[in-house]
Number of protein chains: 2
Amino acid sequence: MGRMNDMNGAESLVTTLAASQVEVCFANPGTSEMHFVAALDRIAGVRCVLALFEGVATGAADGYWRMAGSPAATLLHLAPGLGNGWANLHNAGKARSGIVNVVGDHATDHVQLASPLNADLAGIAGSISPWVRRSTSAAEVGADGAAAVAATRDGALGRIATLLLPADTAWGAGGRAAKAAAADPAEAAPQAAIDAAAQTLRRLGERAVLLLGAAGVRDERAQQAAAAIAAATGCRVLAEFYNARMPGGRGRPGIQRLPYAVDAAVQRLAGAEALVLAGSVEPVAFFAYPGKPRLLKPDGAALLTLAEPRQDVPAALQALAEALGVRAGAASSGGHRATNESSAGTPVPDGALTLDAIAAAIAATLPEHAIVVDEAVTTGRGLGPPMAAAAPHDWLQTMGGAIGYGLPCAVGAAIAAPGRPVLALEGDGSAMYTLQALWTMAREALPVVTVIFANRAYRILQGELIGVGATVSGQKAVDMLTLDRPDLDWVALAKGHGVPAVRVEDAGALVQALRRGFASQGPCLIEVAMG
Amino acid sequence: MGRMNDMNGAESLVTTLAASQVEVCFANPGTSEMHFVAALDRIAGVRCVLALFEGVATGAADGYWRMAGSPAATLLHLAPGLGNGWANLHNAGKARSGIVNVVGDHATDHVQLASPLNADLAGIAGSISPWVRRSTSAAEVGADGAAAVAATRDGALGRIATLLLPADTAWGAGGRAAKAAAADPAEAAPQAAIDAAAQTLRRLGERAVLLLGAAGVRDERAQQAAAAIAAATGCRVLAEFYNARMPGGRGRPGIQRLPYAVDAAVQRLAGAEALVLAGSVEPVAFFAYPGKPRLLKPDGAALLTLAEPRQDVPAALQALAEALGVRAGAASSGGHRATNESSAGTPVPDGALTLDAIAAAIAATLPEHAIVVDEAVTTGRGLGPPMAAAAPHDWLQTMGGAIGYGLPCAVGAAIAAPGRPVLALEGDGSAMYTLQALWTMAREALPVVTVIFANRAYRILQGELIGVGATVSGQKAVDMLTLDRPDLDWVALAKGHGVPAVRVEDAGALVQALRRGFASQGPCLIEVAMG
């Protein structure tokens, strides 16, 4: 727009964000951001959501992008605020979520002074954000903001764009509002890649794996095309082991995920002579383990890229189906079970809180079109298959492996998708990293049911200790991997944040608590007592 | 030591740390650190303290150094773990605390793969740590650890030294233990600086300010020398506005601090023709404000460095006193009130919870040799003067301005100084950043009394908003600066972490709760209802 007016820089930025369809700002402001807060107050169009810790703000922005497909802004306070938000920016970066990451800084004539909050802001920003710009005057802030919004798009993917906003560029006069250019459509996969993939799948059948990632998983029609291709050619179809967003449940294609455990993943890929990558990348081990492979595909198996993650993966799968003469949705009962069972409802469990009972309780009570945020770590791995019988839903996973993503992601997903219930599945260890998100759920009255699997241990690490071949016998190691002495009381923690909570000790009580939670209009928390 | 044996790399590192007097490790480990955990388990000499969030571990290491004068180690999990610890490393860096900051990383042959936790670890480490080394083989880990310990010393100051520990260098065979070289003594300030300072103070009298920082504040004899110099020459003596550790209370020199607010600080320095820096640096405004100065000293006033922070500041002050013919401890009743009132006890307040009543309650109940960790922000600013009448104590402040330092710092201080009671003064907003520290207090049975000043607002920001000249009228800005809807329930939050707690609504109840808290053997929390 570029018109001069009597805005200050902060006002020009808020106007720019609103004009560029950035409708939400997850904020934890400080002194250097006060003019931005004042501008948000005065100018309509951007909803402000307060977080009591920056990792909540950045994780919420990740969840928001996954459900809205458009970026939210953050508002962080100087380098330490960015530090606190770093881990969930890492997760967002791996999820390829777009975020307009606004970080306030000292005024231009103050930043070189040895003040307490002076720090290497450019250094930490560069370590997490592929796009960084520092505004140099109030007149430039609007254009910089528009450039940041545009930079959150990388084809079909999102990207973190960090705008460093010195206090004087916010309070200075002469702001000019701008507007981000419309996003370019994602580019098409090359025809040669489609032809090569078609030839490979036709030739190899079950000795080929079609590996879905990015929009190949996120888009339900892409899943259907992949399932139809598998049914027609006999190839195996798998999703990557973590996915930013994966539709699942009754009536949807039954796409399995590659397992997390190295041995299981290697086994699932055994015999494959080619991996056809549809928005995915070559599968690698999450961690290295002594004596185990780092790369998961069989030695010598070919890698063919059907479509890169940033390309139009659903269109590429559609084109592949056409090249193979397959009609999506017309999957036969061939090599791939095309569609999850559509029998209404699943049996309601009772009795002990086994993994099977927990999975059945969730599958039986999940409302239609729920959003499930999965950070249940050890417990969560058992939940996948039973969820095929649940009501249709979206399943969101941590993409960067940094724990503390779940509760913030649930906040952002709920705000991006009003009217859809959210279920956050959390380990007790992981939930502790960003438990402050509970307060934002209460303040914003978000319909999030948080389930804490309270095994009172870093259970995954107890397994990993064995996995890496470390041997221990003493109390010191036990102490590093347990969360007891004292036990965390999640009912009290939730109450402290203003969220009603209950502890359940059997499957019947879990079912009841889930039903009550999904029926309520606001957040609640269920602590599940694990053996 | 360098002897070959059958240790793995992790064992050589633990042996090296123990041999180098690094006696505590504040840990939040993950898979890549499992061998280090196993080594800590098998080898005696390093106490392990588990934190449920990395910011607790790094803040505790800061508090530990401040009280022990020797470094603790941390154990963090990859780049996101370092991100979570970044803000309190920033505070520790500004406090010039020494920390052996151990960050596990992926194995050497895994780190280049596009795994979920792959990140720019070198970039984020370089943005916060002046010394970074990445071990390249198990045989080098011991020597690298010894070098890291040595690098935590910079004359009289500490430094953050970050050791990146790939998983295979931890599990690999051929570890060699080493031992850090003894620290060099801090260098002496040059005689010319002492002579120049003596001449200036003698010439200018009250038109000179002797500004104490670093060990000039931390060392009680240095404070006494400064007070005696002030009494003899008539110069003003002040401490910097934030100090890593400042002895105070009855019988100690009554050193005032430079105020935080720009106008008040400028006024306190008005008329000064010279600032003599004794371990301090030129005072600058914490933040920039439109139309206010960034530099606090009067225009044209000279800056003389008596001793740099890393030099032997107490010896320099002693030498300065001698050059002036002053005997420390023999302060007259001249320009400076030499010693805080030594009248036993202070009146116990009752009635409303005014700032004066709160200060009196703390001053009246504080046990001898308590450690006070001050992150009370708005409320805390009123506590300074009344504490002169309290029992002798050490006062610790955040040095980097990143909130969330207080509760972790209290953990580290309590572990560094067994037998000394700790009082953590917290704003409700600031305590929320790292509330997980409460759990570590409970697990380690630390005698920490946490007082939460629950004003249910970012009260400091409500003032800063006016300070920077921003004007607001609407609910959106109010919402960004308040912590109500819902109210945080600190009694429940503490209980959730295993810490007993009480809420007090008048001064009598506060006195009673403080007395009970200081008499108990473990942690407790007091929520103070602010108007």
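Observations concerning the overall build of chain A
For step 1, the next point in the chain: Secondary structure assignment for chain A yields 20 helices and 20 strands.
For step 2, the next point in the chain: By the compact-globule yardstick of 24 Å for 531 residues, chain A fits well, its C-alpha radius of gyration being 24 Å.
For step 3, the next point in the chain: Dimensions of chain A, computed from the C-alpha atoms along their principal axes, are close to 65 × 60 × 45 Å.
For step 4, the next point in the chain: Counting the 531 residues in chain A, one finds 66% classified as buried.
For step 5, the next point in the chain: Long-range contacts, defined as pairs at least 24 residues apart, comprise 82% of the intrachain contacts of chain A with a sequence gap of at least 6.

Examining the environment of B:A302
Residues and elements named next belong to chain B.
For step 1, the next point in the chain: Within the secondary structure, A302 is located in strand β14 (residues 302–307).
For step 2, the next point in the chain: You can call A302 partly exposed: it has 14 C-beta atoms within 10 Å.
For step 3, the next point in the chain: Separated by 27 residues in the primary sequence, A302 and L275 place their C-alpha atoms 6.1 Å from one another.
For step 4, the next point in the chain: Excluding its chain neighbours within four sequence positions, the residues that come into contact with A302 are E273 and A274.

Re the sheet that holds strand β4 (residues 99–105) of chain A
Residue and element names in this part refer to chain A.
For step 1, the next point in the chain: In spatial order, the strands read β2-β1-β3-β4-β8-β5; together these 6 strands make up an open sheet with parallel pairing. Every other strand in the sheet has two partners, leaving β2 (47–50) and β5 (131–134) as the edge strands with one partner each. This sheet shows a mean twist of 20 degrees between the axes of neighbouring strands, independent of strand direction.
For step 2, the next point in the chain: Direction of pairing for β4 relative to strand β8 (residues 160–166): parallel, over a ladder of 7 bridges. Following the sheet pairing, V103 is matched in β8 by L164.

Notes on the sheet that holds strand β16 (residues 393–397) of chain B
All names here are of chain B.
For step 1, the next point in the chain: Read across the sheet, 7 strands follow the order β11-β16-β15-β17-β18-β20-β19 without closing on themselves; strand pairing throughout is mixed. Each edge of the sheet is formed by a strand with only one pairing partner; in this case those strands are β11 (246–248) and β19 (501–504). When the angles between neighbouring strand axes are averaged without regard to direction, this sheet yields 20 degrees.
For step 2, the next point in the chain: With respect to the sheet, helix α14 (residues 406–416) is in contact with β15 (370–375), β16, β17 (422–427) and β18 (448–454), its orientation differing from that of β17 by roughly 175 degrees.

Overview of the interface of chain A and chain B
For step 1, the next point in the chain: In this assembly, 86 residues from chain A lie in contact with 86 residues from chain B.
For step 2, the next point in the chain: Residues that form the side of chain A that touches chain B fall into these classes: 49 nonpolar, 22 polar and 15 charged.

Some points on unusual backbone geometry
For step 1, the next point in the chain: Following A:R485, the chain continues into A:P486 via a peptide bond in cis, with omega recorded as -10 degrees.
For step 2, the next point in the chain: Mapped onto the elements of the fold, A:P486 is located in the loop between α18 (475–480) and α19 (490–496).

So, the environment of A:A231
For step 1, the next point in the chain: Summarising the element assignment, A:A231 is placed in helix α10 (residues 220–233).
For step 2, the next point in the chain: A:A231 sits 26 residues away from A:G205 along the chain, and the two C-alpha atoms are 9.9 Å apart.

Quick word on the domain arrangement of chain A
All names here are of chain A.
For step 1, the next point in the chain: Annotation of chain A at the domain level lists domain 1 (9–171), domain 2 (191–323) and domain 3 (355–529).
For step 2, the next point in the chain: Listed as interface residues are 17 residues of domain 2 and, on the opposing side, 19 residues of domain 3.
For step 3, the next point in the chain: Looking at which element gives the most residues to the side of domain 2 that touches domain 3, the answer is strand β11 (residues 246–248), with 3 residues.
For step 4, the next point in the chain: Considered class by class, the residues forming the side of domain 2 that touches domain 3 number 8 nonpolar, 5 polar and 4 charged.

Examining the relation of the copies chain A and chain B
For step 1, the next point in the chain: The transform that puts chain A on chain B rotates by 180 degrees and translates by 0.0 Å along the axis, for an RMSD of 0.0 Å. The transformation relating the two chain copies, once decomposed into turn and shift, fits a two-fold axis.
For step 2, the next point in the chain: A share of 100% of interface residues in chain A that are also interface residues in chain B marks the association as one of identical surfaces.

A closer look at the packing of helix α4 (residues 78–95) of chain A against helix α4 (residues 78–95) of chain B
For step 1, the next point in the chain: With their axes 8 Å apart at the nearest point, α4(A) and α4(B) run at an angle of 170 degrees to one another. In terms of their interaxial angle, α4(A) and α4(B) are classed as roughly antiparallel. Contact with α4(A), carried on its side by A:A79, A:P80, A:G83, A:N84, A:W86, A:A87 and A:H90, involves B:A79, B:P80, B:G83, B:N84, B:W86, B:A87 and B:H90 of α4(B) and no other residues of that element.
For step 2, the next point in the chain: Counted by class, the contact of α4(A) with α4(B) contains 8 nonpolar, 6 polar and no charged residues.

Regarding the confidence of the model for chain A
Residues and elements named next belong to chain A.
For step 1, the next point in the chain: With 95% of its residues at a pLDDT of at least 70, chain A reaches an overall mean of 93.
For step 2, the next point in the chain: With pLDDT under 50 throughout, residues 330–336 is counted as low confidence; its partners more than four residues away or in other chains account for 19 contacts.
For step 3, the next point in the chain: Across the whole predicted complex the pTM is 0.97, and at the interface the ipTM reaches 0.96.

Quick word on the environment of B:S280
Residue and element names in this part refer to chain B.
For step 1, the next point in the chain: Looking at where S280 falls in the secondary structure, it is placed in the loop between β13 (274–278) and β14.
For step 2, the next point in the chain: For S280, a count of 27 C-beta atoms within 10 Å puts it in the buried group.
For step 3, the next point in the chain: For the pair S280 and L210, spaced 70 residues apart in the sequence, the C-alpha separation amounts to 9.5 Å.
For step 4, the next point in the chain: Contact partners of S280, with chain neighbours within four places excluded, come to L211, L212, G213, G216 and E240.

With respect to α4(A)
Residue and element names in this part refer to chain A.
For step 1, the next point in the chain: Compared with an ideal rise of 1.5 Å per residue, which puts 18 residues at 26 Å, α4 spans 24 Å between its outermost C-alpha atoms and is within 8% of the ideal.
For step 2, the next point in the chain: The principal kink in α4, of about 50 degrees, is found at W86.
For step 3, the next point in the chain: The buried count for α4 comes to 18 of 18 residues, which makes it a mostly enclosed element.
For step 4, the next point in the chain: Positive phi shows up at R96, right after α4, with a value of about 55 degrees.

Observations regarding helix α13 (residues 355–365) of chain B
For step 1, the next point in the chain: Residues of α13(B) that are buried include every one of B:I358, B:A359, B:A360, B:A361, B:I362, B:A363 and B:T365, and no others.
For step 2, the next point in the chain: At its buried positions, α13(B) is contacted by α20 (507–519) and β20 (524–529) of chain B.

What to know about the pairing of strand β1 (residues 24–27) of chain A
All names here are of chain A.
For step 1, the next point in the chain: Because side chains alternate across β1, one face comprises the buried residues V24 and F26, and the other comprises C25 and A27, equally buried.
For step 2, the next point in the chain: When β1 meets β2, the two strands line up parallel, connected through 4 bridges. What sits directly across from F26, in β2, is V49.
For step 3, the next point in the chain: Regarding topology, helix α2 (residues 34–42) serves as the crossover connection from β1 to the parallel β2, and that connection is right-handed.
For step 4, the next point in the chain: Here β1 pairs with strand β3 (residues 72–77) via 3 bridges, running parallel. By the bridge assignment, A27 is partnered in β3 with L75.

Rules and cut-offs
- Residues numbered from 1 in each chain as written.
- Chains lettered and ligands numbered in written order.
- Predicted model: local features only at pLDDT ≥ 70, side-chain atom pairs only at ≥ 80, totals over all residues.
- Helix = DSSP H or I, 4+ residues; strand = E, 2+ residues; numbered from the N terminus.
- Rg over C-alpha atoms; globule rule 2.2 N^0.38 Å.
- Buried ≥ 20, exposed ≤ 12 C-beta atoms within 10 Å, placed from the backbone.
- Contact = placed C-beta atoms within 7 Å.
- Pairing = 2+ DSSP bridges.
- Axes fitted to C-alpha atoms, helices over the stretch in contact; angles between N-to-C directions.
- Nonpolar A, V, L, I, M, F, W, Y, C, P; charged D, E, K, R; others polar.
- Domains from an automatic or database assignment.
- Least-squares fit on C-alpha atoms with pLDDT ≥ 70 in both.
- Parallel < 35°, antiparallel > 145°, perpendicular 65-115°, else oblique.
- pLDDT = per-residue confidence, 0-100.
- Expected span 1.5 Å × (residues − 1).
- Bend = angle between axes of the 7 residues up to and from the residue.
- Right-handed = clockwise from strand over helix to strand, strands pointing away.

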